[in-house]
Amino acid sequence: MSQRTLVLLKPDAVRRGLIGEVVGRVERKAGWRITALELRTLDRAVLEQHYAEHVGKPFYEPLVEFMSSGPVVAMVVEGERVIEGVRTLAGPTDPIAATPGSIRGDFGTIVRENLIHASDSEESAERELKIFFPAFA
Ligand code: RTP
Ligand code: MG
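Treat the numbers as computed from the prediction; the structure is a model and nothing was measured.

K.L.:
Even after reading the chapter, I still don't get the environment of Ala74, so can you show me in this structure?
P.N.:
With respect to the element layout, Ala74 can be found in strand β3 (residues 72-80). Taking the C-beta count within 10 Å as the criterion, Ala74 has 22 such neighbours and is therefore assigned buried. Excluding residues that lie within four positions of it along the chain, Ala74 makes contacts with Leu8, Glu38, Arg40 and Phe132.

Structural data, given as structure tokens:
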């Protein structure tokens, strides 16, 4: 089943010079392709839409501060079961719980600064793609 997903390399990944490392892992996966890619600094309005499910939670404000603290790389990745696949490449939210070999397991530090976002379902992917790449949606 071919799918599309939204992937963000968070500001920590960009600051630490890990764009190539993370994009490379996605790119090397056979059968997936990157169909849009952009370096962009996110403002509060975009983040409020993107993280709508988290508005009001205790970690929301520090999350927005972090996510707007520098540029992110936003990309669209397409391919076979890519939604589940990029989540697997990323590993669980908490980098300490993430298996070495996953992006968060290899490079993550604290829960908030976990390098990568990837849509968690087909519904999320369609919603998030409209926010970041309206021309694609
Ligand atoms: P993402 O949405 O960024 O792909 O990550 P996720 O699904 O694995 O995690 P989610 O629960 O959706 O949380 C979104 C992001 O908020 C930050 N976070 N901080 N307790 C905390 O301090 C906390 N919990 C979550 C992380 O950056 C997480 O990826
Ligand atoms: Mg999430």
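K.L.:
Please clarify how the UniProt feature "binding site: ATP" (unreviewed entry) in the protein should be interpreted in this entry.
P.N.:
UniProt records the feature "binding site: ATP" (unreviewed entry) at Lys10, Phe59, Arg87, Thr93, Arg104 and Asn114, using the numbering of this structure. For Thr93, the position within the fold is in the loop between α5 (82-90) and α6 (103-107). Overall, Thr93 belongs to the exposed group, with 12 C-beta atoms counted inside 10 Å. Those residues in contact with Thr93, other than ones at most four positions away along the chain, are Val111 and Asn114. Position of Arg104 relative to the elements: it lies in helix α6. Each residue touching Arg104, except ones within four places of it in the same chain, is listed here: Ala90, Gly91, Pro92, Pro95, Ala98, Asn114, Leu115 and Ile116.

K.L.:
Looking at this model, I keep getting lost on the nonpolar core. Mind explaining?
P.N.:
Counting residues in hydrophobic clusters, the biggest one holds 31 residues, and the most contacted among them are Val7, Leu9, Val22, Val77, Val86, Leu115 and Ile116. Contributions of two or more residues to this core are made by β1 (2-9), α2 (19-28), β3, α5, α6, β4 (116-118) and α7 (122-132). Residue contributions to this core peak at 6 residues, all from β3. Not counting chain neighbours up to four residues away, the residues in contact with Leu9 comprise Val14, Ile19, Val22, Val72, Val73, Leu115 and Ile116.

Rules and cut-offs
Residues numbered from 1 in each chain as written. Chains lettered and ligands numbered in written order. Predicted model: local features only at pLDDT ≥ 70, side-chain atom pairs only at ≥ 80, totals over all residues. Helix = DSSP H or I, 4+ residues; strand = E, 2+ residues; numbered from the N terminus. Buried ≥ 20, exposed ≤ 12 C-beta atoms within 10 Å, placed from the backbone. Contact = placed C-beta atoms within 7 Å. UniProt positions renumbered as here; feature names shortened; annotations may be inferred. Core = buried A, V, L, I, M, F, W, Y, C linked by C-beta atoms within 7 Å.

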